[in-house]
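Observations on chain architecture
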Amino acid sequence: MDKPSPWELWTLNFEFSMAVMAEVEPEVRALGLEMKEFLLLGKLDDHPYPAELSRALLTPKPSITFMVKRMEAAGFIQRETEAGDLRRFRLTLTRSGRKAMEAARAILDDAFGRRLARISAGERAELARLLTRMMGERARPR
C-alpha cells in the first residue's frame, strides 16, 4: 500500500476494529452482554439519557430502547425518572452492570493489547498522537 486512499485507510481501520470485536464477542457474551450492549454500558456514565446514547452510539432510538430494557432486566442498568420531567429518565449502571462492563473491557484490552504488542512503544505513542489529532475537537482528554 504505497499511498493508501482515505477509503482504504478507513476500511482497514474498520476491519481491524471488527476483527478485535469478533475475537472478544464470545467471551463478552459469556458475561451476559452483546457487543453493542457492552458499548452502551461503556458510554452510560457520559451519556445517561437514551437520546444521548442513541447519538453517541449512532444507533436508532428503538434499538437503544430494546437494549436498555434488556440491560435493565439483567440488572445492569437502573432507570430513574427526572424530578422536573417525569417523561424523561436517567440511566445509571448498577454495581453488577459496572462489574460486567469492566470485565468486558478487560477482555477487549487483552485482545487489543496483543495486537499493540506487535508494534514498538514509540509506534504506539505515534498511533495515539495521530488518532487524537485526527479526532480533532472530539478527542477526549485523558
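Right above here is the structure, for reference.
About the criteria used
- Residues numbered from 1 in each chain as written.
- Predicted model: local features only at pLDDT ≥ 70, side-chain atom pairs only at ≥ 80, totals over all residues.
- Heavy atoms only, no water.
- Helix = DSSP H or I, 4+ residues; strand = E, 2+ residues; numbered from the N terminus.
- Buried < 20%, exposed > 50% of the residue type's maximum accessible area, 1.4 Å probe, protein only.
- Contact = heavy atoms within 4.5 Å.
- Lys, Arg positive; Asp, Glu negative; His and termini not counted.
- Charge placed at Lys NZ, Arg CZ, Asp CG, Glu CD.
- 1 Å grid on protein atoms, 1.4 Å probe; cavity = no way out; pocket = protein on both sides within 12 Å on 5 of 7 lines; lining within 4 Å.
- Points joined across faces, edges and corners; volume = space filled by probe spheres on them.
- Nonpolar A, V, L, I, M, F, W, Y, C, P; charged D, E, K, R; others polar.
- Salt bridge = Lys/Arg side-chain N within 4 Å of Asp/Glu carboxyl O.
- Core = buried A, V, L, I, M, F, W, Y, C linked by side-chain atoms within 4.5 Å.

Attention now moves to the overall build of the protein chain. The helix and strand tally for the protein chain stands at 6 helices and 2 strands. Its helices and strands in sequence order give the protein chain the pattern α-α-α-α-β-β-α-α, from N to C terminus. Residue burial in the protein chain is summarised as follows: out of 142 residues, 25% are buried. Excluding contacts between residues fewer than 6 apart, the proportion of contacts in the protein chain whose partners are at least 24 apart in sequence is 52%. Charge centroids of the protein chain, computed over 25 positive and 21 negative side chains, lie 3 Å from each other.

Roughly 3100 Å³ of volume is contained in the largest pocket. Mapped by element, the contributors of at least two residues to the lining of the largest pocket are α1 (6-30), α2 (35-43), α3 (50-57), α5 (95-116) and α6 (121-135). For the lining of the largest pocket, a count of residues per class yields 26 nonpolar, 6 polar and 13 charged.

Another aspect to go through is the pattern of salt bridges. The final tally for this structure, using the stated rule, is 9 salt bridges. In this structure, the salt-bridge partner of E25 is R29, at a minimum N-O distance of 2.9 Å. One end of the pair, E25, and the other, R29, are both in helix α1, 4 residues apart, so they sit about a helical turn from each other. Residue classification places E25 among the partly exposed residues on the basis of a relative accessible area of 22%. Here R70 makes a salt bridge to E37, at a shortest N to O gap of 2.5 Å. Of this pair, R70 sits in helix α4 (residues 61-73) while E37 sits in helix α2, placing them 33 residues apart in sequence. Residues joined by salt bridges that share partners form a network here, namely E23, D110, R114 and R115.

Once that is clear, we can look at the nonpolar core. Counting residues in each nonpolar core, the largest one holds 25 residues, and the members touching the most others are V28, L33, L40 and L41. Breaking this core down by element, the ones donating at least two residues are α1, α2, α3, α4, β2 (89-93) and α5. Considering each element in turn, this core owes the most residues, 5 residues, to α5. What V28 contacts, discounting residues up to four positions off in sequence, is L33, E34, M35, F38, A104 and I107.

For the rest of this paragraph, the subject is the environment of M18. Mapped onto the elements of the fold, M18 is located in helix α1. Accessibility expressed as a relative area gives 37% for M18, which makes it partly exposed. C-alpha of M18 to C-alpha of R88: the two residues are 70 residues apart in sequence and 34 Å apart in space.

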